[in-house]
2 protein chains.
Amino acid sequence: MTVALLSIGTELTRGEIVNTNASWLASELSASGFNVLAAEALPDDLEVVAGALKRLAQTYRLVIVTGGLGPTTDDLTAAAAARAAGVELVRDESAMLAVRRRVESFGKTMNAGLEKQADFPAGAETLPNSNGTAPGFSIQLGDTPVFFLPGVPREMKRMFTEQVLPRVRPQAPNNTFQVRLRTYGLGESSIGQALEGIEAAHPGVTLGYRIQFPEVDVKVHARATSQSTAREAAMRAAEEVKSRLGDVVYGTGDESFPEIVGRALRARGWRLAVAESCTGGLVMHLLTSFPASDYLIGGAVTYANSAKSRLLGVFEDTLRGHGAVSTEVAAEMAEGARRLCECEVALSITGIAGPTGGTATKPVGLVYWGVAHPGGTIVRDRIFVGSRDEVQLAAAYAGLDLLRRTAAGLPER
Amino acid sequence: MTVALLSIGTELTRGEIVNTNASWLASELSASGFNVLAAEALPDDLEVVAGALKRLAQTYRLVIVTGGLGPTTDDLTAAAAARAAGVELVRDESAMLAVRRRVESFGKTMNAGLEKQADFPAGAETLPNSNGTAPGFSIQLGDTPVFFLPGVPREMKRMFTEQVLPRVRPQAPNNTFQVRLRTYGLGESSIGQALEGIEAAHPGVTLGYRIQFPEVDVKVHARATSQSTAREAAMRAAEEVKSRLGDVVYGTGDESFPEIVGRALRARGWRLAVAESCTGGLVMHLLTSFPASDYLIGGAVTYANSAKSRLLGVFEDTLRGHGAVSTEVAAEMAEGARRLCECEVALSITGIAGPTGGTATKPVGLVYWGVAHPGGTIVRDRIFVGSRDEVQLAAAYAGLDLLRRTAAGLPER
């Protein structure tokens, strides 16, 4: 069943707030098998909103509107709905009573603005608001039901869940299923190339890509005659995606890369120490975004050379002879952190994040990362291209990936 | 000048990501005096996008489109633009060369998907992408210029600022001016209360609030007969906002809180060491998001008690007697980091970020933070309410604010 969302409010079109209502509704509706095909935001303008309502109701089978139901003069969604339906605004006495009760329960008194919240297009069905004063309502425009909800997210979400979804769900048999595969290590275009032909081989399956630098999500979406058939089709196609991409696929759904790295360390029974220079704490911040105290002992951020020596025991001769950004220093940092924290494994990263600090032989973006483990010490290096943030993030992921592969016994890429 | 925004991507209409591109563009355009009157999101569907382009170009004087320029099969914005304009897609050899150069600079090779990124509607003007492979482009639909930008926010923002804004700004006589004040330390409602009456006292000025947890931006927007008059009005009102909020306003424009902290340390001539437990590296990550090597020596992330003792010299008796989350341990962590790194000042943070690990006397969210400086050691504590991420971020900011106030000689809040 096709759905359009319409969010009303000048604060949206001026960019003063982000339209999280639309993404929340789209996500809820998609999960229930609806096909959301448009999400529009418009300012509080009676004519414009009335016109959009008519256009959307002609094109889509269900329209859900948020915002503009409040007490102030710029709230004119009900009037726009009446205009679109070609009917008058009518005061609903029982809604008025509900508004008054709620207002008085807060020790306030009614005013014209609050009374206006009980005005609805003639023939509308009102929807009670459990979390606020403004009731919602629904009307029919032609064959299309149009629901009007408050713009306050908390009120909108509750009204949608309690009032709208039960009314519309029976009309949308859910016949879709989606698998989200998380990947790190290949760019979007290489992944696209590797997955060529999968859509053709799996009728009803579409692939989508989403970049969250430096990760790429592959979304395997299936539509079939029933949800269970769709689920089977999506799972089959996801298996083929996984077999083509190999261990570049690190997880599924909401699993995150740092969590997977932590899981690999736990599975191996390795406790971790980290020694960071150019990433400045980012690696440990990523790992500790999730509970990590069962494997992460700690580590050092050694920005200055003096800190590398004093905290990690990097030899001053090594720093002088090879420079802080070198294979030798990366190795000594990892070995120092491993010794200092008495851990099985340690990760080190040293490099030049930029935007300044590069030289002819050691350009901005040059990064060395090392893993010291019971079998020895590995150091890798690469020149990352991008802004300071990007070099830091790319370096942190490269280090974490080497750690994951070492712990899990996977080959290096 | 009226503007419509069109964001393309099934991930938007399915609610998989929030449309921050639209709010960012709307905010930038509004600040430059444009009148954004529609923001639509549509799935990657050639016919639907082509139809929307024609409709929007008929209604608005400028259309800005984001998304669908990538290398995969679901990226079909260029084809939709060609369809809307009634022209063919043509390969642009110089854009092709630019794509190839960028791809090869990453040590990768071209493929059909990447080549597709150099296909544009005949007659389009291409827009170079400084941050990615996919160039943007612009076409005319009737009298309306339509700009097509990548969906990746970082690429989109740079292309908009460097390529689009300089081209369209001359057509929008700007009679507005906006000052963005950055604040930390008060909630949105307290700020709103403190600023009551400012709009009434400054005709043409409106105040907007934007929460970027734990910060709140106050946007002072003025509209007048000319930009210089608007600028004066906005500056006057901003001065009043600053005098009412005091040093809760830490900066203006794009200045960021960690930068301001670094500036305060530099001004004082203090080198910094950091000792983090529950924030897991977040404090140093925030500071090193900007060049920091001239004041940040380094620090330790001491997640396990053993690391607190071994790296920072926290006494085992203190850990046993008071627990890792205590005034005493926070003080010893800061003093240990200061000694270890031979710095003038050190910041420590220890607490319970959650979601588990709380007890009756030490609940989730309890955090101690300390600053050790030449005049002594200060420790503060608070129970922060929120998710793990929020507790970590709130704790990091509380610590950084104490550091800033100590270095700058400002009173504590």
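Residues numbered from 1 in each chain as written. Chains lettered and ligands numbered in written order. Predicted model: local features only at pLDDT ≥ 70, side-chain atom pairs only at ≥ 80, totals over all residues.

Participant: Looking at this model, I keep getting lost on the overall build of chain A. Mind explaining?
Facilitator: Of the regular secondary structure elements, chain A holds 16 helices and 17 strands. Relative to its length of 413 residues, chain A is extended, with a C-alpha radius of gyration of 28 Å against a globular reference of 22 Å. Classification of the 413 residues of chain A by burial places 52% in the buried group. Within chain A, residue pairs in contact and separated by at least 24 positions form 65% of the contacts whose partners lie at least 6 positions apart. (Helix = DSSP H or I, 4+ residues; strand = E, 2+ residues; numbered from the N terminus. Rg over C-alpha atoms; globule rule 2.2 N^0.38 Å. Buried ≥ 20, exposed ≤ 12 C-beta atoms within 10 Å, placed from the backbone. Contact = placed C-beta atoms within 7 Å.)

Participant: I keep staring at the domain arrangement of chain A and nothing clicks. Help me out?
Facilitator: A common way to express how large an interface is: the accessible area buried when the components associate. The assigned domain composition of chain A is domain 1 (2–171), domain 2 (176–252) and domain 3 (258–408). Using C-alpha coordinates to define each centre, domain 1 of chain A is positioned 36 Å away from domain 2 of chain A. (Domains from an automatic or database assignment.)

Participant: Would you mind going over the sheet that holds strand E10 (residues 205–212) of chain B with me for this structure?
Facilitator: Residues and elements named next belong to chain B. Pairing is antiparallel across the open sheet formed by four strands, whose spatial order is E10-E11-E9-E12. The outermost strands of the open sheet, each flanked by one partner alone, are E10 and strand E12 (249–252). Neighbour-to-neighbour, the strand axes of the sheet open up by a mean angle of 25 degrees, direction not taken into account. As paired strands, strand E9 (residues 176–184) and strand E11 (residues 215–223) are joined by nine bridges and run antiparallel to one another. Directly across from Val 179, in E11, lies its bridge partner Val 220. (Pairing = 2+ DSSP bridges. Axes fitted to C-alpha atoms, helices over the stretch in contact; angles between N-to-C directions.)

Participant: Can you help me understand the interface of chain B and chain A in this one?
Facilitator: The interface of chain B with chain A comprises 67 residues on the first partner and 61 residues on the second. Partitioning the side of chain B that touches chain A into residue classes produces 32 nonpolar, 26 polar and nine charged. The pairing of strand E14 (residues 296–302) of chain A with strand E14 (residues 296–302) of chain B spans five bridges and is antiparallel. Across the sheet, the residue bridging to Ala300(A) is Ala300(B), located in E14(B). (Nonpolar A, V, L, I, M, F, W, Y, C, P; charged D, E, K, R; others polar.)

Participant: Can you help me understand the sheet that holds strand E11 (residues 215–223) of chain A in this one?
Facilitator: By way of backbone hydrogen bonds, the strands of a sheet pair with one another, either parallel or antiparallel. Residues and elements named next belong to chain A. As summarised here, the arrangement of the four strands in space is E10-E11-E9-E12, forming an open sheet in which the pairing is antiparallel. Edge positions in the open sheet fall to strand E10 (205–212) and strand E12 (249–252), since each of these has one partner strand only. Here the strands of the sheet are splayed against their neighbours by 25 degrees on average, with no regard to which way each runs.

Participant: Sorry, what's going on with the nonpolar core here?
Facilitator: Buried together is how nonpolar side chains tend to be arranged in soluble globular proteins. Within the largest apolar cluster, 166 residues are counted, with the highest numbers of intra-cluster contacts made by Val220(A), Leu272(A), Ala337(A), Ala346(A), Leu272(B), Ala337(B) and Ala346(B). Setting aside residues up to four positions removed in sequence, Ala346(B) forms contacts with Leu272(B), Ala273(B), Val274(B), Ala275(B), Ala334(B), Ala337(B), Arg338(B) and Ala372(B). (Core = buried A, V, L, I, M, F, W, Y, C linked by C-beta atoms within 7 Å.)

Participant: I keep staring at the confidence of the model for chain A and nothing clicks. Help me out?
Facilitator: Interpreting fine coordinate detail is not advised for predicted regions of low pLDDT. On average, residues of chain A carry a pLDDT of 94, and 100% of them reach 70 or more. Here the complex is predicted with pTM 0.81, and the ipTM for its interfaces comes to 0.80. (pLDDT = per-residue confidence, 0-100.)

Participant: Mind showing me how you'd approach the pairing of E14(A) here?
Facilitator: Residues and elements named next belong to chain A. Counting buried residues along E14, seven of its seven residues qualify, which places the element largely inside the surrounding structure. Sheet analysis places strand E13 (residues 272–276) next to E14, joined by five bridges and oriented parallel. Within E14, the residue paired with Ala 273 across the bridge is Gly 298. A crossover connection joins E13 to the parallel E14 through helix H12 (residues 282–287); in handedness this β-α-β unit is right-handed. (Right-handed = clockwise from strand over helix to strand, strands pointing away.)

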